[in-house]
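Fold and geometry: a report
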Amino acid sequence: MLDTVVIIGAGGHGRVVLDIMSAVGRYQPTGFLDADITRHGQLVCGIPILGSVNLLPRLRRQGILGAIVAIGDNRSRMSCAQLVRQAGMELINVIHPSAVLSATAKIGVNVCIAPGVIVGTDAVIGDSVLLNTGSIVDHECVIQEGVHIAPGAILAGRVTVETGAFVAMGAKVLPCLKVGAGAVVGAGAVVREDVAAEMTVVGVPARLIRRGSSS
Ligand SMILES: CC(C)(COP(=O)(O)OP(=O)(O)OC[C@H]1O[C@@H](n2cnc3c(N)ncnc32)[C@H](O)[C@@H]1OP(=O)(O)O)[C@@H](O)C(=O)NCCC(=O)NCCS
């Protein structure tokens, strides 16, 4: 029998998570939860939006034991994961079958790994991390809680990406560098030196455009 779970977030990323879940075949999504009350009762890909996250304890009592937070915003993904824990539910992972994960990689919970992702030897992927389509996280990288690595981004070996940071589409980070907590690396950037916490960098080579991220 499939494990019945709920998906938190019925937006674009929620659809992606649902799609990966179908490809995996292990979970039966019973519904979405979403903050937008105007959407409650609607169907997304045939699955109902049941209500808001305040339904979690009731769903738990009804026997739904698992959940995943499918929200693109890093802070919201982390804070909703906390609500799932408080409701006594298990945070699950969705990992697309086409992703290639080293057997030595360590993967947290509430992790979404999209199609075509590669995770290298001894990489550490924290809780509530989103590795988006076709991204590469090479050997011994450390990806802390709530990070989003966007489609096509490449992290060379031994890169550390700290809590809540966002590496945008197609960006590249050179070996052994650190992207600080809450930092943003813009689409297509090539990062050649450490990025301090909460900074936004763009371009080739990456240059600082903002102190304090906008994500
Ligand atoms: C980095 C980013 C977040 C900055 O967004 P923003 O704060 O709205 O920045 P602005 O659009 O105000 O641009 C500020 C300056 O940086 C430049 N800039 C912004 N993003 C850039 C990028 N990716 N590469 C090069 N330059 C960029 C702008 O041209 C502008 O330059 P100017 O001041 O000389 O005119 C955004 O541009 C970006 O790259 N987003 C990634 C989206 C993505 O990958 N989403 C994933 C979805 S799954």
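A short tour of the structure in this document, coming up. (Residues numbered from 1 in each chain as written. Predicted model: local features only at pLDDT ≥ 70, side-chain atom pairs only at ≥ 80, totals over all residues. Heavy atoms only, no water.)

**Regarding the layout of surface pockets**
Operational definition: Definitions used for this entry: grid spacing 1 Å over protein atoms alone; cavity, a set of points where a 1.4 Å probe fits but cannot get out; pocket, an open set with protein on both sides within 12 Å along at least 5 of 7 lines; lining residue, one with an atom within 4 Å of a point. Grid points are joined across faces, edges and corners, and a volume is the space filled by probe spheres set on the points. Runs of H or I in DSSP of at least four residues are treated as helices and runs of E of at least two as strands, each being numbered from the N terminus. Throughout, the ten residues Ala, Val, Leu, Ile, Met, Phe, Trp, Tyr, Cys and Pro are labelled nonpolar, Asp, Glu, Lys and Arg are labelled charged, and all others, Gly among them, are labelled polar.
Put simply, the largest pocket is a space of about 170 Å³. In terms of lining, the largest pocket is formed by 13 residues, of which the most central are E193, D194, V201, A206 and L208. With three residues, the top contributor of residues to the lining of the largest pocket is strand β25 (residues 207-211). In terms of residue class, the lining of the largest pocket is built from eight nonpolar, no polar and five charged.

**Considering helix α1 (residues 12-24)**
Applicable threshold: A helix's residues, less one, multiplied by 1.5 Å, set its expected span.
Taking 1.5 Å per residue as the helical rise, α1 with its 13 residues ought to reach 18 Å, and the 19 Å between its terminal C-alpha atoms agrees with that figure. Following α1 by one or two positions, G25 adopts a phi angle in the positive range, close to 80°.

**Things to note about the nonpolar core**
Worth spelling out the cut-off: Buried Ala, Val, Leu, Ile, Met, Phe, Trp, Tyr and Cys residues that are joined via side-chain atoms within 4.5 Å together make up what is termed a nonpolar core. Any residue under 20% of the maximum accessible area for its type is buried, any over 50% is exposed, and the rest in between are partly exposed; the area is computed with a 1.4 Å probe on protein chains only. Residue contacts are defined here by distance: any two heavy atoms, one from each residue, within 4.5 Å place the two residues in contact.
Residues L131, I143, L155, V161 and V167 are the most contacted members of the largest nonpolar core, which totals 32 residues. Beyond its immediate chain neighbours, meaning those up to four positions away, I143 contacts V124, I125, G126, V129, V137, L155 and V161. By size, the runner-up hydrophobic cluster in this structure holds 19 residues, among which are I7, A70, V94 and A114.

**What about the sheet that holds strand β4 (residues 47-51)?**
How we decide: Paired strands, in this sense, are two strands between which DSSP finds at least two bridges. Axis definition: a line fit to C-alpha positions, over the contact stretch in the case of helices; interaxial angles, taken between N-to-C directions, run 0 to 180 degrees.
The mixed open sheet is built from six strands, whose spatial order is β3-β4-β2-β1-β5-β6. Each edge of the open sheet carries a strand with a single partner, namely β3 (43-44) and β6 (90-91). Sheet topology places strand β5 (residues 66-69) next to β6; two bridges connect them, and they run parallel. Residue pairing for β6: G66 is matched across the bridge by E90. The strands that α1 touches are β1 (3-8), β2 (27-33), β3, β4 and β5; relative to β2, the one it contacts most, it runs at about 170°.

**Quick look at the site of the ligand**
As a reminder, the rule being used: Nearness of a residue to a molecule or strand requires only that one of the residue's heavy atoms be within 4 Å of it. Polar contact is defined as a pair of N or O atoms within 3.5 Å, subject to the rule that within protein one atom must be able to donate a hydrogen and the other to accept it, and that residues adjacent in sequence are counted only when both atoms are side-chain atoms. Values of accessible area rely on a 1.4 Å probe in the Shrake-Rupley scheme; residue burial ignores everything except the protein chains shown.
What surrounds the ligand is a group of 14 residues, the closest being A168, M169, G186, A187 and R210. Contact distances for the ligand include 2.8 Å between an oxygen atom and a backbone N or O atom of A187. Between the ligand and R210 there is a distance of 2.6 Å, counted from an oxygen atom to a side-chain nitrogen or oxygen. For the ligand, whose free accessible area comes to 910 Å², the fraction covered by protein is 46%. The residue inventory of the shell around the ligand, partitioned by class, reads nine nonpolar, four polar and one charged.

**Quick look at the side chain of N110**
Here N110 lies in the loop between β9 (106-107) and β10 (112-113). A polar contact is formed between the side chain of N110 and the backbone nitrogen of V69, at a distance of 2.8 Å. Ignoring anything within four residues of it in the chain, the contact list for N110 reads I68, V69, R77, A81, L91, I92, N93, S128 and V129.

Keep in mind that these numbers describe shape and distance, not what the molecule does.
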